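Summary of the model geometry
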Amino acid sequence: MLYPLKSKNMLIEICAYSLTSCLTAQQAGAGRIELCGGLPEGGTTPSAGLIQLARKQLHIPMYVMIRPRGGDFLYSDHELDVMKADIQMAKSLGADGLVLGLLNADGTIDEEQTRHLIELASPLPVTFHRAFDMTRDPLEALEAVIRTGAERILTSGQQSTAEQGIDLLRQLTQQAAGRIEIMAGAGVNARNAARLIEAGVDALHLSGGQKKDSLMHYRQPSVSMASAIPGEYEHIEANSEKIQAIIQITELQNNSPVA
């Protein structure tokens, strides 16, 4: 059985770490950008310069990541102060929305601090990111995020990829019942997009990334400035063909009869 789609237009959000990737995603037909820094950390707050230039050149919505560091989602008072300042900065530079997530030490949603940051972000909408996937009880966490006032949850269904978490994604979508959007992310590609859409999610999130080799001719063999992958002689940018393949699948799925 196919689950009815909630919209005729399945939104495709691209996680972009550079201005080049933002523009590639826009040209390919993406519906929204999640703008991040810190690729090796899984996404951190981007620089003010990147936000400013992306805003000037994008005509699609741009959500800015608010995450002061990699690692867990239990933040100190100092880190919360940084997040508050970054929210104000992103708002002043023209962000259309923000992306954040906070947990308590026991693996539950930090409702109090999340609600406070969402109020600070107002009137901009907020996506609760994949910190959700680190919670101890996803169905309880869903209700908690709804209470904070976030507009959507980005989740892989608490698995390494959204495809592996498809059963929970379906369950979350059914429990949400339109009270909050469920956006599937992590490992989304042309091979599994149709199955994720059939699970009833509201949107798909991906980087559509591809490694590109550095243009450096001389490469110092004895020293590396990179502490993680990708190294300093490669970087990852959005790939137009990968993004367009997903969009074509969503268009076909939207036009297919629902059983």
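None of these values were measured; they are calculated from a predicted model.

Turning our attention to the overall build of the protein chain. Within the protein chain, the secondary structure is distributed over 8 helices and 10 strands. Rg of the C-alpha trace for the protein chain: 18 Å, near the compact-globule value of 18 Å for 259 residues, within the 12% margin. Each of the three principal axes of the protein chain carries a C-alpha extent, and together these read 60 × 45 × 35 Å. Expressed as a percentage of the 259 residues in the protein chain, the buried residues total 49%. Within the protein chain, residue pairs in contact and separated by at least 24 positions form 67% of the contacts whose partners lie at least 6 positions apart. Carbon and sulfur atoms form 52% of the exposed surface of the protein chain, whose accessible area is close to 12,200 Å². The averaged location of the 30 negative side-chain charges in the protein chain is 4 Å from the averaged location of its 22 positive side-chain charges.

By the secondary structure assignment, Thr148 is in helix H5 (residues 138–148). For Thr148, a relative accessible area of 4% corresponds to the buried category. Reaching out from Thr148, the side chain makes a polar contact with the backbone oxygen of Val145 at a distance of 2.6 Å. Setting aside anything within four residues of it in sequence, one finds Thr148 in contact with Glu111, Thr114, Arg115 and Ile118.

Look at any regular strand and the pattern is simple: side chains alternate between the two faces of the sheet. Here strand E4 (residues 97–100) shows two buried faces, one formed by Gly97 and Val99 and the other by Leu98 and Leu100. Across 3 bridges, the pairing between strand E3 (residues 62–65) and E4 is parallel. Note that in E4 the partner of Met65 across the bridge is Val99. The handedness of the E3 to E4 crossover, carried by helix H3 (residues 77–92), is right-handed.

Okay, the state of the cysteines next. Scanning the entire structure with this criterion turns up 0 disulfides. With no disulfide of its own, Cys15 lies closest to Cys36 among cysteine sulfurs, the gap being 3.8 Å. For Cys15, a relative accessible area of 8% corresponds to the buried category. Not part of a disulfide, Cys22 finds its nearest cysteine sulfur in Cys36, a span of 9.4 Å.

Here we come to the environment of Glu13. Positionally, Glu13 belongs in strand E1 (residues 11–16). In sequence terms Glu13 and Gln26 are 13 residues apart; their C-alpha atoms lie 10.0 Å from each other. Discounting residues that sit within four places of it in the chain, Glu13 has contacts with Arg32, Ile33, Glu34, Met183, Leu204, His205 and Leu206. Polar contacts involving the side chain of Glu13 include one to the side chain of His205, which spans 2.6 Å.

Counted according to the given criterion, the structure contains 15 salt bridges. A salt bridge links Asp106 to Arg136, with the nearest nitrogen and oxygen atoms 4.0 Å apart. Here Asp106, found in the loop between E4 and helix H4 (111–121), pairs with Arg136, found in the loop between strand E5 (126–128) and H5; they are 30 residues apart in sequence, far enough to count as distant. Judged by relative accessible area, which is 42%, Asp106 ranks as partly exposed. Look at Arg136 and you get exposed, because its relative accessible area is 55%. Glu111 is the salt-bridge partner of Arg115, the closest N and O atoms lying 3.5 Å from each other.

Here we take up the confidence of the model for the protein chain. Caution applies to low-pLDDT parts of the model: their predicted coordinates are not meant to be read in detail. Model confidence for the protein chain is summarised by a mean pLDDT of 91, while 92% of its residues fall at 70 or above. Across residues 1–8, where pLDDT falls below 50, the model places 18 contacts with residues more than four positions away in sequence or in other chains.

Following Ser122, the chain continues to Pro123 via a peptide bond in cis, the omega torsion being 10°. Mapped onto the elements, Pro123 comes out in the loop between H4 and E5. The phi torsion at Gln158 lies on the positive side, around 60°, for a residue other than glycine. Tracing the backbone through its elements, the reader meets Gln158 in the loop between strand E6 (152–155) and helix H6 (166–176). Residue Gln158 is classed as partly exposed on the basis of its relative accessible area of 23%. Even without a glycine there, the phi angle at Ala177 is positive, about 50°. Mapped onto the elements, Ala177 comes out in the loop between H6 and strand E7 (181–185). You can call Ala177 exposed: its relative accessible area is 59%.

Definitions and cut-offs
- Residues numbered from 1 in each chain as written.
- Predicted model: local features only at pLDDT ≥ 70, side-chain atom pairs only at ≥ 80, totals over all residues.
- Heavy atoms only, no water.
- Helix = DSSP H or I, 4+ residues; strand = E, 2+ residues; numbered from the N terminus.
- Rg over C-alpha atoms; globule rule 2.2 N^0.38 Å.
- Buried < 20%, exposed > 50% of the residue type's maximum accessible area, 1.4 Å probe, protein only.
- Contact = heavy atoms within 4.5 Å.
- Areas by Shrake-Rupley, 256 points an atom, 1.4 Å probe, with all protein chains shown as cover.
- Lys, Arg positive; Asp, Glu negative; His and termini not counted.
- Charge placed at Lys NZ, Arg CZ, Asp CG, Glu CD.
- Polar contact = N/O pair within 3.5 Å; in protein donor to acceptor, adjacent residues only side chain to side chain.
- Pairing = 2+ DSSP bridges.
- Right-handed = clockwise from strand over helix to strand, strands pointing away.
- Disulfide = S-S within 2.5 Å.
- Salt bridge = Lys/Arg side-chain N within 4 Å of Asp/Glu carboxyl O.
- pLDDT = per-residue confidence, 0-100.

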